[in-house]
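Working through the structure, step by step
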Amino acid sequence: MNDIQNQDDLYQLVDEFYKRLLNDNAISYIFTDVVRIKIEEHLPILVTFWSQAILGTGGYTNNLTQIHLEVNRKEHLTPELFKIWLNHFESSVNELFCGSNAEKIKTNALNIATVLQIKIAQEKRN
């Protein structure tokens, strides 16, 4: 099994990850009913995000925190939803890749989920 090396690898990862998310009724409604993502448009954005985070390629300019705070205003993003998201992400990585970038992307995903949950809790208090 190879490590994550390029954007093609990242596309394979996010494609597998979103297949899992969209097939899980406990979380899929966020993407299909609340946000109503167009997957063919969403996947390249995710590849750009993860490519910047893992491969240092740059190009992602959206405000990740703000996007998720806006989603949370429509439908509360609970700790359970983050747990489901992380489980699907980690299992997708583990099924497809191993190596330092694979470990790095899993750590980054955990960090992002943690920070987003903190930001959501802060906004709720304010």
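Right above here is the structure, for reference.
This is a predicted model, so every value here is computed, not measured. (Residues numbered from 1 in each chain as written. Predicted model: local features only at pLDDT ≥ 70, side-chain atom pairs only at ≥ 80, totals over all residues. Heavy atoms only, no water.)

Counted under the stated rule, the structure contains eight aromatic pairs. Their ring planes at 85° and their centres at 5.0 Å tell us that Phe-17 and Phe-89 sit as a pair that is edge-to-face. Linking Phe-17 in helix 1 (residues 7–22) with Phe-89 in helix 5 (residues 79–96), this pair joins segments that are 72 residues apart in sequence. Comparing Phe-17 with Phe-89 shows no difference in burial state: the two are buried. What links up through ring pairs into an aromatic cluster is the set Phe-17, Tyr-18, Phe-31, Phe-49, Trp-50, Tyr-60, Trp-85 and Phe-89. (Phe/Tyr/Trp six-rings, centres within 6.5 Å; stacked < 30°, edge-to-face > 60°. Helix = DSSP H or I, 4+ residues; strand = E, 2+ residues; numbered from the N terminus. Buried < 20%, exposed > 50% of the residue type's maximum accessible area, 1.4 Å probe, protein only.)

Here we come to the environment of Arg-36. Checked against the element boundaries, Arg-36 lands in the loop between helix 2 (28–34) and helix 3 (39–55). If we skip the residues at most four places from it in the chain, Arg-36 touches Ile-30 and Phe-31. (Contact = heavy atoms within 4.5 Å.)

Structurally, the position occupied by Ile-30 is in helix 2. Those residues within four positions of Ile-30 in sequence are excluded, and the remaining contacts are Val-35, Arg-36, Val-71, Glu-75, Leu-77 and Leu-81.

Moving on to the side chain of Asp-3. Its place among the elements puts Asp-3 in the segment before helix 1. At 9.3 Å, Lys-106 is the nearest oppositely charged side chain to Asp-3, a buried residue that forms no salt bridge. For Asp-3, the side chain forms a polar contact with the main-chain nitrogen of Ala-102, separated by 2.9 Å. Setting aside residues no more than four positions away along its own chain, Asp-3 makes contact with Asp-9, Phe-97, Cys-98, Gly-99, Ser-100, Asn-101 and Ala-102. (Lys, Arg positive; Asp, Glu negative; His and termini not counted. Salt bridge = Lys/Arg side-chain N within 4 Å of Asp/Glu carboxyl O. Polar contact = N/O pair within 3.5 Å; in protein donor to acceptor, adjacent residues only side chain to side chain.)

Now for the pattern of salt bridges. Scanning all chains against the criterion turns up five salt bridges. A salt bridge links Asp-15 to Lys-19; the nearest nitrogen and oxygen atoms lie 3.2 Å apart. In this pair, Asp-15 and Lys-19 are both assigned in helix 1, four residues apart and thus about one turn of the helix distant. Its relative accessible area of 24% is what places Asp-15 among the partly exposed residues. We note a salt bridge from Lys-106 to Glu-103, for which the minimum N-O separation is 3.0 Å. In this pair, Lys-106 and Glu-103 both sit in helix 6 (residues 100–125), three residues apart, roughly one turn of the helix. We classify Glu-103 as partly exposed; its relative accessible area is 44%. Beyond isolated ion pairs, a larger network of salt bridges with shared partners links Glu-16, Arg-20 and Glu-95.

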